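A structural walkthrough
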Amino acid sequence: MSRKKKKQEKETTIENFYDLKVDEVDELVSILKGNPVDESKEVSYEIDEVAGETDSEKGKKLKKFNPYRHDFLSRIPTWVKAILVKWWFAGAVCFFIMMGLGVYIDNNENLLLLTGLVLGIVVDIFVNPIFHFFQDYEGEYDNYMMFPFPFKKFWTFFTNAIYYLIIIILVNGIYTGINLLVEMGGGEWFFGAEPLLFGTFAVIVDMTFIGIKDLIVWLVNRKKKKASEEVPDV
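Residues numbered from 1 in each chain as written. Predicted model: local features only at pLDDT ≥ 70, side-chain atom pairs only at ≥ 80, totals over all residues. Heavy atoms only, no water.

Scanning the model with the defined rule gives 14 aromatic pairs in all. For the ring pair Tyr175 and Phe201, a centre distance of 5.3 Å and an interplane angle of 80° mean the geometry is edge-to-face. Within this pair, whereas Tyr175 is found in helix α7 (residues 156-184), its partner Phe201 is found in helix α8 (residues 195-230), the two being separated by 26 residues in sequence. Following the ring pairs from residue to residue traces out a cluster consisting of Phe147, Tyr163, Tyr164 and Phe209. The aromatic ring of Phe134 is capped on one face by Lys81, whose charged end is 5.9 Å from the ring centroid. (Phe/Tyr/Trp six-rings, centres within 6.5 Å; stacked < 30°, edge-to-face > 60°. Helix = DSSP H or I, 4+ residues; strand = E, 2+ residues; numbered from the N terminus. Lys NZ or Arg CZ within 6 Å of the ring centre and 35° of its normal.)

In this structure, the second largest pocket encloses a volume near 260 Å³. Forming the walls of the second largest pocket are 16 residues, and the residues nearest its centre are Met98, Asn108, Asn172, Phe190 and Ala193. At the level of elements, α5 (78-99), α6 (108-134) and α7 are the ones that each hand at least two residues to the lining of the second largest pocket. The biggest single contributor to the lining of the second largest pocket is α7, with six residues. (1 Å grid on protein atoms, 1.4 Å probe; cavity = no way out; pocket = protein on both sides within 12 Å on 5 of 7 lines; lining within 4 Å. Points joined across faces, edges and corners; volume = space filled by probe spheres on them.)

Encoded structure:
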């Protein structure tokens, strides 16, 4: 078969490769021109009809197609996702650093220092980028980050490390306080760190500071807005 004949055959069979929705295009053009929409036309959610597939298997249950359907993660409230992510990573750091390396590091201060620095690095490298990835609109997770800046800002690496070092010191203070209360009550057991409760304490302390920060930001913005409204127009 000659090359010219092959080219002609491809041109005549192009409709087999592209199912052009001529009616839909005409309807769209009509709407753009301002013509009334035919609301009596029923919209189909069958995948085979939407995709142009008409030869469906008999007895096969057809799946529904809904372009506006939300996935499972989008149905979970933002605060639940934020708390779970922060809690899981804090517990993981406790498991791998405090419990894992605690066998080899005898000095408690050095262990706390390492744990705080690692948690800050993990938050900067993993947690905050996950929040930026999850957000449906800009700033959705800002109320759950101490430094809600794009993760490309290199200086947040150091600020998060220092900040979470303070968080870990306060969490250690909570454990110390609990053990003192147990001792005062006559108890003989020691309350040690483990991932579940450690993550809970870390999130509580972290969100307390973030809540104070958010309150200060809100008050400052409110004051600026009020001041701008009081300025008379010239």
